[in-house]
Structure formats: C-alpha cells, structure tokens
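Here's the letter readout for the chains.
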Amino acid sequence: MGFGATPALTAIAVAVGVTVLVWVPAAILLLRRRGRLDWRAGSLSIAALLYACAVIVATLFPTGACYPPLSAQLVPGSSVLDVLQQGGVALSNPALRQMLLTVLLFVPLGMLVRRSGRPGIVVTVAIGLGVAAFVEVTQLTGTFGLAACQYRLFDVDDVLLGGVGALVGGLAAPLVRRLPGQSDARLHALPRPLTAWRRLGAMAIDVAVSIGVGGAVMVLGIGGVGLVVLLTSGSEREAPVALVNAIGVVVGASGALAAAIVHLLVVLRTGRTVGELVGSLDARRESGEPAGIGRRAARWALGIGGWTLLSAFAYDPVTQSLAVVWAAAGIVLAFRSRAHSGLPLRLTRQLARDARDPR
C-alpha cells in the first residue's frame, strides 16, 4: 500500500472537507433519532466518515511512482522476510513499520463493522479481507484504468494484514460501546421533549437548505454562462467586467429565489419547514387545528422564505442590519417564546410540538 506524509495530510484535508459537507445529513439523523443535536451520539458516525476518507486517500491516491503494468507481489509471508532482512525495531525498520501501519489501518474497520451490524468475528475478518483485496486490486489496475499508470504495488501480504487488522478491531469492538451517547435504545419512534436547541437545529437545517439550493443554482448558472462565453467568444477574449458582474447578480438572485421557492412548496404542502420535517417537529394553531394555506404562506414569509430573500438582496447596510436582527430575533425567541415556537409561528399564532405526540 505505502504511506507517507503527503497522503496523510491530504487525508486530513479531505476528511475535514467531507465532514463539513455532510453536516446536514448528520444533523438530520441525530434529530430524527434523538430529538436533539447530541454530537456524543454522532461520534461513531463522524469517526466512520473520517476513517473512510483516511483509507481512501492513504491507499488510493497516486504516489508519483509508476510500476510496470500489473506488477504484484504474490508470495504470502514475503513481508516477514523483509522485516528479518532489514532488522531493527519498529521505528527504525521500514518493513515492520509498514506492516504495523497496514494492520492499524484496518483495526477501525473491524470495530465499526462489529458495532454497526454485530456480525461474528469470522464475518468481520472476511469483510476486512474483502476491503483490503478491493484496495489492492484498485492499485493493481491503476484505479481500474483511470490513472496514467499503476502507481502502487499489489501485495498479497497487505490483504492478509487487512484481515488481521479487522480481527483485532472486531475483538476490541466492545470498547466502542463505552463512548458517550452510544446507547442501543431506539428513540426515533418516541415523542421527545421540545427544547430550544432542538428548535435551533431545525432552523440551522433550513438555513443550510437555503445555502445548498442557492449555491447549486449559482454553480450551475455560472458554469453554464461561462461555457457559453467561452464557446462564443474564444479562449483569448475576456468577457467585459460589467457583463461578469451582471451575470453574478442575476445568478445569485436566481439561487436565492430557487431556495425560497423550495421552502414555500414544502411549507404549503406540509405546514412545516424542511428542518421541522427532518426533526419530527410539527406546527399547529393554538386551538390545536392544522394551519390553513394563508397561515402557512404567512409563516413562510415571516420565517425562512422571507429571510432567505432578504439576505440574498441585502446590498446596503440597512437591509444587512435588518437580516441580522431578523435572525437574532428568531434565535432569541426559540429560547423565550411559548413552547419554543420561534418568531414566525408566534406571529401567525401557532405553536410548535413533537410530530410523534399522539395528542
């Protein structure tokens, strides 16, 4: 497999970036299962994500070297002979250090497999061998022909060491259960207390949806316009600065409008925002009846829909300050309002509740 400082640093960078990108799905899982954003409960999922990124980068990223096509080391135990020939302890013996790193790389896999699905040790080791074999075949084929050459050496000992690492991890799996928040209780079917933090979690997801939808529209729009400019103007000509600025404004406005429309359709259809849906929150009139279309449209305009549009078009200090005050009021009222209902629900005379509450 081969390890080095550059792949390790790249693994860290990729892991951090992917972790940021999957914050919304992680928040959704935590809200649905436990009714709150308890990151202790999500520690196992976050660890699995970081581990997957580390494995991918450390084993599959090109190293800069090229081997003859389909080069492989197919003699089991050859790594042990290398260790004996080079001599020294782990820190000074490159072959032994390589073996230990390969085993350690698959220890978390064994722990996660046993903890997530609780298969037996034999199945856990088989999964470890399968994953290690897949990695080696990927290296043998130069990422199945996508790379310019075979940049890592296939080594049958690495497959066997992957199984050893999975075995060690499987035996050590009970340690994972000692992590805070790793209870086996299935809480997602039971009503959960409606807290301010739960409310803020739903609000954060709504904001993330606005950013995600708006950003996707902007990327597609800018990419499409850039392609048209390139094809029509040629690579040696530059688009006028005024045209570029105008395109940016139009695409940005389109992204905000698209995000607001998505929120509007969800609220009109369900009476709840995206964050409330994934967090199993509900909204009812103070009499206990569901809100009508007019009330739903009003709470969209007074909540995430109006705030999304205002934030996108806040080009001067007045509108920017208004957007900040609006967001701050929503956060404060999530703590201080009745049933933690927040600003738009209170203004439309509605109350928040747990969607799983049978009352």
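Residues numbered from 1 in each chain as written. Predicted model: local features only at pLDDT ≥ 70, side-chain atom pairs only at ≥ 80, totals over all residues. Heavy atoms only, no water.

Caption draft 1: Representation of the confidence of the model for the chain. Of all residues in the chain, 67% have pLDDT values of 70 or greater, and the mean over the chain is 75. For the chain, helix 1 (residues 5–21) is the element with the lowest average pLDDT, namely 57, and helix 11 (residues 293–302) is the one with the highest, namely 92. Low confidence marks residues 184–188, where pLDDT is under 50. Its contacts with residues over four positions away, or in another chain, come to 11 contacts. (pLDDT = per-residue confidence, 0-100. Helix = DSSP H or I, 4+ residues; strand = E, 2+ residues; numbered from the N terminus. Contact = heavy atoms within 4.5 Å.)

Caption draft 2: Layout of the side chain of S78. Along the chain, S78 turns up in helix 4 (residues 78–86). When its relative accessible area of 18% is taken as the criterion, S78 is described as buried. (Buried < 20%, exposed > 50% of the residue type's maximum accessible area, 1.4 Å probe, protein only.)

Caption draft 3: The arrangement of the environment of I127 in detail. Along the chain, the position of I127 falls in helix 6 (residues 121–140). Taking relative accessible area as the criterion, I127 reaches 33% and is therefore assigned partly exposed. In this structure the C-alpha to C-alpha distance between I127 and G162, which are 35 residues apart in sequence, comes to 9.4 Å.

Caption draft 4: Focus on the pattern of salt bridges. Tallying each qualifying case throughout the model produces 7 salt bridges. Residue D282 pairs with R272 through a salt bridge whose shortest N-O separation is 4.0 Å. Residue D282 is located in strand 3 (residues 281–285), and its partner R272 is located in the loop between helix 9 (241–270) and helix 10 (274–278); the two are separated by 10 residues in the primary sequence. The same class applies to D282 as to R272, namely buried. Among the ionic pairs, R284 bridges to D282, the shortest N-O distance being 3.3 Å. With a relative accessible area of 25%, R284 lands in the partly exposed category. A residue is classified by how much of its surface remains accessible, and D282, at 10% relative accessible area, is buried. Connected through shared salt-bridge partners, R272, D282, R284 and R353 make up one network. (Salt bridge = Lys/Arg side-chain N within 4 Å of Asp/Glu carboxyl O.)

Caption draft 5: Structural view of the nonpolar core. With 9 residues, the main nonpolar core is built from Y51, V55, L105, F106, L109, L112, V113, A132 and V159. For this core, the elements supplying multiple residues, two or more each, are helix 3 (43–60) and helix 5 (94–117). If one sorts the elements of this core by residue count, helix 5 sits on top with 5 residues. In this structure V159 touches L129, A132, A133 and E136, once residues within four positions along its chain are discounted. Residues A95, M99, V107 and M111 belong to the second largest nonpolar core, which totals 7 residues. (Core = buried A, V, L, I, M, F, W, Y, C linked by side-chain atoms within 4.5 Å.)

Caption draft 6: The arrangement of the packing of aromatic side chains in detail. Scanning the model with the defined rule gives 1 aromatic pair in all. Between W197 and F335, the aromatic rings sit 5.4 Å apart at their centres with planes inclined by 90°, giving edge-to-face as the arrangement. Linking W197 in helix 8 (residues 196–233) with F335 in helix 13 (residues 317–336), this pair joins segments that are 138 residues apart in sequence. Among the residues examined, F335 registers a relative accessible area of 36% and is labelled partly exposed. (Phe/Tyr/Trp six-rings, centres within 6.5 Å; stacked < 30°, edge-to-face > 60°.)

Caption draft 7: Geometry of the packing of helix 6 against helix 7 (residues 156–171). As a packed pair, helix 6 and helix 7 sit with axes 8 Å apart at the nearest point and diverge in direction by 145°. The handedness of the crossing between helix 6 and helix 7 is right-handed. Contact residues: helix 6 offers I121, T124, V125, G128, L129, A132, A133 and E136, while helix 7 offers D158, V159, L160, G162, G163, A166, L167, G170 and L171. Of the residues assigned to the contact of helix 6 with helix 7, the class counts are 10 nonpolar, 5 polar and 2 charged. (Axes fitted to C-alpha atoms, helices over the stretch in contact; angles between N-to-C directions. Left-handed = near helix turned anticlockwise from the far one by under 90°. Nonpolar A, V, L, I, M, F, W, Y, C, P; charged D, E, K, R; others polar.)

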